[in-house]
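Letter by letter, the chains look like this.
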Amino acid sequence: MAAVRDARIVVIGGGALGCAAAYHLARMGAGDVLLLEKAGLTHGATWHAAGLVGQLRSKRNLTRLMRDSVDLYGRIGAETGMATDWKPVGSLRLAASADRWLELRRAHGQARAFGLEMELLSPAEARDLFPHLSTDGVVGAAFIPGDGHVDPSGLTQAYARGARDGGVTIAEGVLVTGLEVRGRRVVRVLTDQGPVRCETVLVAAGLWARQVAAMAGIALPAGVVEHQYMVTEKGLDLAPDTPTLRDPDGNFYLKPEVGGFAVGGWEADTRPLTAGLPFDFGRELLASNFDRFEGIALSAARRIPVLNDLGVRNLINGPIPISPDGEPIMGPAPDLDNLFLACGFTSGIAASGGAGQAMARWILEGDPGMDLWAFDLRRFGPHHANPRFLAERAVEAYGRYYQMHWPSHEMDSARGARRSPLHGRLAARGAVFGSKFGWERPNWFAAPGTDGREVPTFGRPGWFDAVAAEHAAVRSGVAMIDQSSFSKFQVSGPGAAAFLQRLAANDLDRPPGAAVYTQLLNDRGGIEADLTVMRLTEDSFYVVTGSGFGVRDGQWIRGHMPDDGSVRFADLTSARAVINLCGPKSRQVLERVADGDVSNAAFPYMTCAEIGVGYAPALAIRLTYMGELGWELHIPTEFAAHAHDALRAAGADLGLADVGYRAIDGLRLEKRYLYWGADIGPDHSPLEAGLGFCVAWDKGDFRGRDALLRQRDAGVDRRLVCLLLDRDAPVHGGEPILRGGRVLGLTTSGGFGHTVGRPVVLGYVPADQAGQADYAVEVFGESVPATRSPRAPYDPERRAILA
């Protein structure tokens, strides 16, 4: 056993993720890395994992992460001399319903765009690959030849051997007992064998990540649930190239073993381990529960009848980690500059190679090398780590693992926690709520006497007509939208103006009362944040960003603040409600209740002012995300209900309508307004996205400027285009963009534009193809002609906005 010593980088956890990160740190020449494991390597969730490896995910970068893993699995055994039992036998995924077949056809288009080999098969072709398959009810199947399965323990030991060969010290039998924090840094890792001074810490503690993170004051939303799979007796002569099999409609997966199978699934009523596991829980299992597993076993036996002839050798019940949305947790911890996390991996074996590489890059280079927002810890807030919230949401996320990935899906558990002051009023008016970052937000409004329930579909949803009416109200009349869930910050102090001016790409050196739309960039010129900054006074700025981006954007701002006390940061999200008053008649409503002049001359576009709305004080900001005249009214929460009632009364004779977030999406698409996390992100620059007008080239230095200058001089490789489909088709983002039969890229978002009367999509294509007039968009396997809109499809001259 290696001795505990001080180290530059300390990795906590000796499972697949921790060892993979140590391996990649060594490969990148980190030097002076110490891995601490409380028991033995793999002695958590790794040793009892099934070891299936699948590559296709819904996003290009997430698929790339998995493909990086597969690439490594193909060579690490020979590289280290350790047997990993990697078998690239391919994976077969069945569709036993028409909707599942649509989902597979959509996935096939995405795989083509990602450059991942994937074949669509008939039921008979699927049986040829897997002779024990019953094709009753099977509509079709997909086969990915590069997938396979691996021995989790062997793979982890190979990582460890490669790490040691690269100079990493691995200390087993060392229990971490604390993390000593000074300011924004972890300075020592405390263990049962003495303290370890360090510069950087990576928590890859798997089942115990939540407890370890708590030692540094981090409330980590990483839960633990029970996961079961059975191993059959040996009695079959299986071909060595038998693929793995997944039947999501049957809720089971299957991995070929020597003479038999391992069969598992995702129980809707799995048991959460709310209190976590004790640190002395090692290479152990939990008591199996066949009553709970019976439905999965029977489903598998119907699809694979030979299972009825094989006995069950073991029913394995092991704890596995899971996050509130079922995706892993990676990245820097908010408010600690040198603590990183890689945990919550429900499919950690499949992801470990690529995830370990991304974490090594994040630690050594400050950037994972790709946009990993879908896995980023900062997508969660403190409420996600509430034990009751986490337990309920983890069970639902686990149970939905194989369920259909419907567009606009809403989680059912852990609802109602965050409500705006207007929630009750909106509910009484027929609001159908969705959940965003814990907030209950109106998605749309059901008319009196109509059914507000949502029926999942890939086609035209039941709320289509209701949202069309809301859309029309914004375009031709006046509407109110509750946007209280916006994240809202105040950045102030004698150094605030200079600090923000260097952080933002746009020019913030404008008089008090100015509102500025800007991006915050990384050193590659990628967009880390997309937000609006209002200058209230010379030394005080009000910053507004999306509901789900507050933790991330706040951390980005705080992480770059000078440490001399000249800049202060405050989160005002819960202190301010927001009412968006919008539409061509919005000025008529506002002037009836406002105590200030809201004329175009006195209150021009992209300015802000403190006004009274009835008896309520409000910061009124004249801007739009929908392409119409309008104001965001930021109001102290205790005044919000009164302000809402005053506006409602003032607009009654003008037909003031209630509008939800589903309408916002169609409205903004018609204006080519972009959404961070879909249309733009850390891998996209303002020049690629058509946001060059937000770059103040002449203001002096700002973060990302050098990268943008290089890109401006050399030209961009891709550009964002806006396309109008020539006929109706259900688009949601993620559809291949085609021209001449060639896949140019994927749509980043899509929806129906009720004003233009056609579906609208956004997406990136190679720069030399961005000026074409005609394209096609592949929708569930069908090519639909599309026409490029050179400017915003709706009101490109901005007459409505500037009215």
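Residues numbered from 1 in each chain as written. Predicted model: local features only at pLDDT ≥ 70, side-chain atom pairs only at ≥ 80, totals over all residues. Heavy atoms only, no water.

**Quick word on the overall build of the protein chain**
The helix and strand tally for the protein chain stands at 19 helices and 38 strands. Based on the C-alpha atoms only, the size of the protein chain along its principal axes is roughly 80 × 60 × 50 Å. Within the protein chain, the proportion of its 803 residues that are buried is 61%. Accessible surface, the protein chain as shown: approximately 29400 Å² in total, 49% of it carbon and sulfur. (Helix = DSSP H or I, 4+ residues; strand = E, 2+ residues; numbered from the N terminus. Buried < 20%, exposed > 50% of the residue type's maximum accessible area, 1.4 Å probe, protein only. Areas by Shrake-Rupley, 256 points an atom, 1.4 Å probe, with all protein chains shown as cover.)

**Focus: the state of the cysteines**
One pass over the full model with this rule turns up 0 disulfides. This cysteine, Cys-198, is not joined by any disulfide, and Cys-343 carries the nearest cysteine sulfur, 17 Å off. Free of any disulfide, Cys-582 has its nearest neighbouring cysteine sulfur in Cys-608, separated by 19 Å. (Disulfide = S-S within 2.5 Å.)

**Focus: the pairing of strand 37 (residues 774–779)**
The element strand 37 is extensively covered by neighbouring structure, given that 5 of its 6 residues are classed as buried. The pairing of strand 34 (residues 736–739) with strand 37 spans 2 bridges and is classified as antiparallel. In the sheet register, Ile-737 faces strand 37, and the bridge partner there is Val-777. As paired elements, strand 37 and strand 38 (residues 782–788) share 6 bridges and run antiparallel to each other. Paired with Tyr-775 across the bridge in strand 38 is Ala-786. As consecutive antiparallel partners, strand 37 and strand 38 are separated by 2 residues, and within that stretch Phe-780 has a phi angle of approximately 50 degrees, a positive value. (Pairing = 2+ DSSP bridges.)

**Section: the environment of Tyr-661**
With respect to the element layout, Tyr-661 can be found in helix 17 (residues 661–670). When the C-alpha positions of Tyr-661 and Phe-433 are compared, they lie 9.5 Å apart, and in sequence the two are 228 residues distant. Discounting chain neighbours no more than four positions away, the residues touching Tyr-661 are Arg-441, Pro-442, Asn-443, Asp-482, Gln-483 and Ser-485. (Contact = heavy atoms within 4.5 Å.)

**Concerning the environment of Gly-459**
Turning to its location among the elements, Gly-459 is positioned in the loop between strand 21 (439–445) and helix 12 (464–476). Of the residues examined, Gly-459 reaches a relative accessible area of 28% and is grouped as partly exposed.

**Points about helix 8 (residues 290–303)**
An ideal rise of 1.5 Å per residue puts 20 Å on 14 residues; helix 8 measures up with 19 Å between its terminal C-alpha atoms. Maximal helix bending in helix 8 amounts to about 25 degrees, located at Ile-296. Those residues of helix 8 that fall on the buried side of the exposure criterion are Arg-292, Phe-293, Ile-296, Ala-297, Ser-299, Ala-300, Ala-301 and Arg-303. Buried positions along helix 8 lie against strand 4 (91–95), strand 13 (223–232), strand 14 (244–247), strand 15 (252–257), strand 16 (260–265) and strand 17 (312–322). (Expected span 1.5 Å × (residues − 1). Bend = angle between axes of the 7 residues up to and from the residue.)

**A look at the nonpolar core**
For soluble globular proteins, nonpolar side chains are generally found buried alongside one another. In terms of nonpolar packing, the biggest core is built from 50 residues, with Leu-25, Tyr-159, Leu-202, Met-330 and Leu-372 touching the most fellow members. Elements that contribute at least two residues to this core include exactly strand 1 (9–12), helix 1 (16–27), strand 2 (33–37), helix 2 (60–73), helix 6 (152–165), strand 19 (339–343) and helix 9 (348–365). Ignoring any residue separated from it by four or fewer positions in sequence, one finds Tyr-159 in contact with Ala-16, Cys-19, Ala-20, Tyr-23, Leu-72, Tyr-73, Ile-76, Ser-352 and Gly-353. Counting residues in hydrophobic clusters, the runner-up holds 38 residues, among them Ile-12, Leu-207, Ala-213 and Ile-329. (Core = buried A, V, L, I, M, F, W, Y, C linked by side-chain atoms within 4.5 Å.)

**Focus: unusual backbone geometry**
With phi around 55 degrees, Asp-85 is a residue other than glycine that occupies positive phi space. In this fold, Asp-85 is placed in the loop between helix 3 (76–80) and strand 4. Even without glycine at this site, Phe-437 takes up a positive phi of about 55 degrees. In this structure, Phe-437 sits in the loop between strand 20 (431–436) and strand 21. Among the residues examined, Phe-437 registers a relative accessible area of 13% and is labelled buried.

**Comments concerning the sheet that holds strand 28 (residues 576–582)**
The 6 strands are arranged 29-30-31-28-22-32 in an open sheet whose pairing can be described as mixed. Of all strands in the sheet, those with a lone pairing partner are strand 29 (608–613) and strand 32 (657–658), marking the two edges. Of the pairings in the sheet, the one linking strand 29 to strand 30 (residues 616–621) comprises 6 bridges and is antiparallel in character. Paired with Ala-609 across the strands is Ala-620, a residue of strand 30. Where helix 16 (residues 637–651) meets the sheet, its contacts fall on strand 22 (479–482), strand 28, strand 29, strand 30, strand 31 (630–636) and strand 32, and the angle it forms with strand 31 comes to roughly 140 degrees. (Axes fitted to C-alpha atoms, helices over the stretch in contact; angles between N-to-C directions.)

**Examining the side chain of Thr-573**
In this structure, Thr-573 sits in the loop between strand 27 (568–571) and strand 28. At a separation of 2.7 Å, a polar atom in the side chain of Thr-573 contacts the side chain of Asp-571. Thr-573 has contacts with Arg-418, Trp-439, Ser-484, Ser-485, Phe-486, Ser-487 and Lys-488, leaving out every residue within four places of it along the chain. (Polar contact = N/O pair within 3.5 Å; in protein donor to acceptor, adjacent residues only side chain to side chain.)

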